[in-house]
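Okay, here's what each chain looks like letter by letter:
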Amino acid sequence: MPLLEVKNIEKRFGGLKAISNLSFTVEENVVFSIIGPNGAGKTTLFNVLTNIYKPTSGSIFFRGTEITNLPPFRIARLGVSRTFQNLQVFLNMNTLENVMVGCHLRSKSGLIASALRLPSVIREEKQVRAMALEALEFCGLDEFANRPASSLPYGILKKLEIARSLAAKPKLLLMDEPAAGLNDTETAELCQLIKRIRDSGITVVLVEHNMSLVMEISQEVLVLNYGQLLAQGPPGEIQKNPEVIAAYLGEE
Ligand SMILES: Nc1ncnc2c1ncn2[C@@H]1O[C@H](COP(=O)(O)OP(=O)(O)OP(=O)(O)O)[C@@H](O)[C@H]1O
Ligand SMILES: [Mg+2]
């Protein structure tokens, strides 16, 4: 059974077809990249997968369960996490607190138990803190744990977002342009981090414009163009595909 199965997805915004008749499957334990020109529908696809946007038609299955119409928090609970193209960091919190936010979707305590600070709540908070610290360490950010997010450089904030998405212990991680705005050293570090994420048993779906990164770490690449699947295959094949070169990669 594939980890993720997308069947005939269409997403319209009024007259605009942002995604048309898109079907693909993602197997477990791979880096699966989605590339394509600006406006191709990549971010829209992530928003549809997490049901931030309801698809106009089509269905989505995660580990065999249909998730098409589940509310976003339920999809997250099943094990789908994501990072955003535009940073979503709380600048008034420190690094650790930002990552703890990612764990709360797993917490079980209700509002009243939390307000009364029952022992179960205190225990759970300890657990959440430990999970967040583990995710920070995994991303090499432990030294920044107590630093206010507002004091951190952009490259660290991008990693913080990844740490937060990992803290929820997902099975599938959707990453929307994690290398955007990073310098070469930071991009090389990101590449290693994504490999470690995959090797830890988390499948990664990566949207990215940095082609050397994509070609280095992906097992499978899907090319979107005007909301349609233009090509899909291993990176070596995609790089040589004349249609992909014409639409997106260019001659190089
Ligand atoms: N909420 C929305 N309302 C109307 N149109 C939208 C909305 N979100 C996206 N679109 C349109 O859908 C198309 C696909 O946009 P999307 O952001 O998914 O592209 P993308 O592939 O992520 O591009 P980029 O590489 O620039 O991030 C674009 O034409 C965009 O203007
Ligand atoms: Mg986008």
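That block above? That's the structure.
Predicted model only: the values in this text are computed from it and were never measured. (Residues numbered from 1 in each chain as written. Chains lettered and ligands numbered in written order. Predicted model: local features only at pLDDT ≥ 70, side-chain atom pairs only at ≥ 80, totals over all residues. Heavy atoms only, no water.)

Visitor: Which parts of the structure should I look at to understand the site of ligand 1?
Guide: Around ligand 1 sit 15 residues in total, of which Asn38, Gly39, Lys42, Thr44 and Gln85 are the nearest. Gly41 places a polar main-chain atom, nitrogen or oxygen, 3.0 Å from an oxygen atom of ligand 1. Contacts to ligand 1 include Thr44, whose side-chain N or O atom sits 2.5 Å from an oxygen atom. When the free accessible area of ligand 1 is taken as 640 Å², the share hidden by the protein chains comes to 64%. If you tally residues by element for the shell around ligand 1, the top one is helix α1 (residues 42-49), at three residues. Of the residues assigned to the shell around ligand 1, the class counts are six nonpolar, seven polar and two charged. (Near = heavy atom within 4 Å. Polar contact = N/O pair within 3.5 Å; in protein donor to acceptor, adjacent residues only side chain to side chain. Areas by Shrake-Rupley, 256 points an atom, 1.4 Å probe, with all protein chains shown as cover. Helix = DSSP H or I, 4+ residues; strand = E, 2+ residues; numbered from the N terminus. Nonpolar A, V, L, I, M, F, W, Y, C, P; charged D, E, K, R; others polar.)

Visitor: Can you help me understand the sheet that holds strand β2 (residues 16-26) in this one?
Guide: Strand-to-strand pairing in sheets goes through backbone hydrogen bonds, with the strands running parallel or antiparallel. Overall, antiparallel pairing links the four strands, which are arranged β2-β1-β4-β5 in an open sheet. The sheet terminates laterally at β2 and β5 (65-66), the two strands that pair on one side only. Taken together, the five bridges between strand β1 (residues 4-13) and strand β4 (residues 57-62) define a ladder with antiparallel strand orientation. Counterpart to Val6 in the pairing with β4 is Ile60. (Pairing = 2+ DSSP bridges.)

Visitor: Before we go on, may I ask you to explain the coordination of the magnesium ion (ligand 2) in this structure?
Guide: Ideal geometry at a metal centre: 109.5 degrees between donors when four sit tetrahedrally, and 90 or 180 degrees when six sit octahedrally. Those protein atoms acting as donors to the magnesium ion (ligand 2) are Thr43 (OG1) and Gln85 (OE1), and they sit at 2.0 to 2.2 Å. Of this pair, Thr43 sits in helix α1 while Gln85 sits in the loop between β6 (80-83) and α3 (95-103), and the two are 42 residues apart along the sequence. On the accessibility criterion, Gln85 (33% relative accessible area) is partly exposed. (Donors = N, O, S within 2.8 Å, 3.2 Å for Na, K, Ca; no water. Buried < 20%, exposed > 50% of the residue type's maximum accessible area, 1.4 Å probe, protein only.)

Visitor: Just to check I follow, could you spell out the packing of α3 against helix α6 (residues 154-167) for this structure?
Guide: In a packed pair of helices, the relevant descriptors are the angle between the two axes and the axis-to-axis distance. Their axes nearest at 7 Å, the elements α3 and α6 cross at an angle of 35°. In terms of crossing hand, the pair formed by α3 and α6 is right-handed. Touching Thr95, Asn98, Val99, Val101, Gly102 and Cys103 of α3 are Leu160, Ala163, Arg164 and Ala167, all from α6. Looking at the contact of α3 with α6 residue by residue, the classes come out as six nonpolar, three polar and one charged. (Axes fitted to C-alpha atoms, helices over the stretch in contact; angles between N-to-C directions. Left-handed = near helix turned anticlockwise from the far one by under 90°. Contact = heavy atoms within 4.5 Å.)

By themselves, these are just geometric observations and shouldn't be taken as functional.
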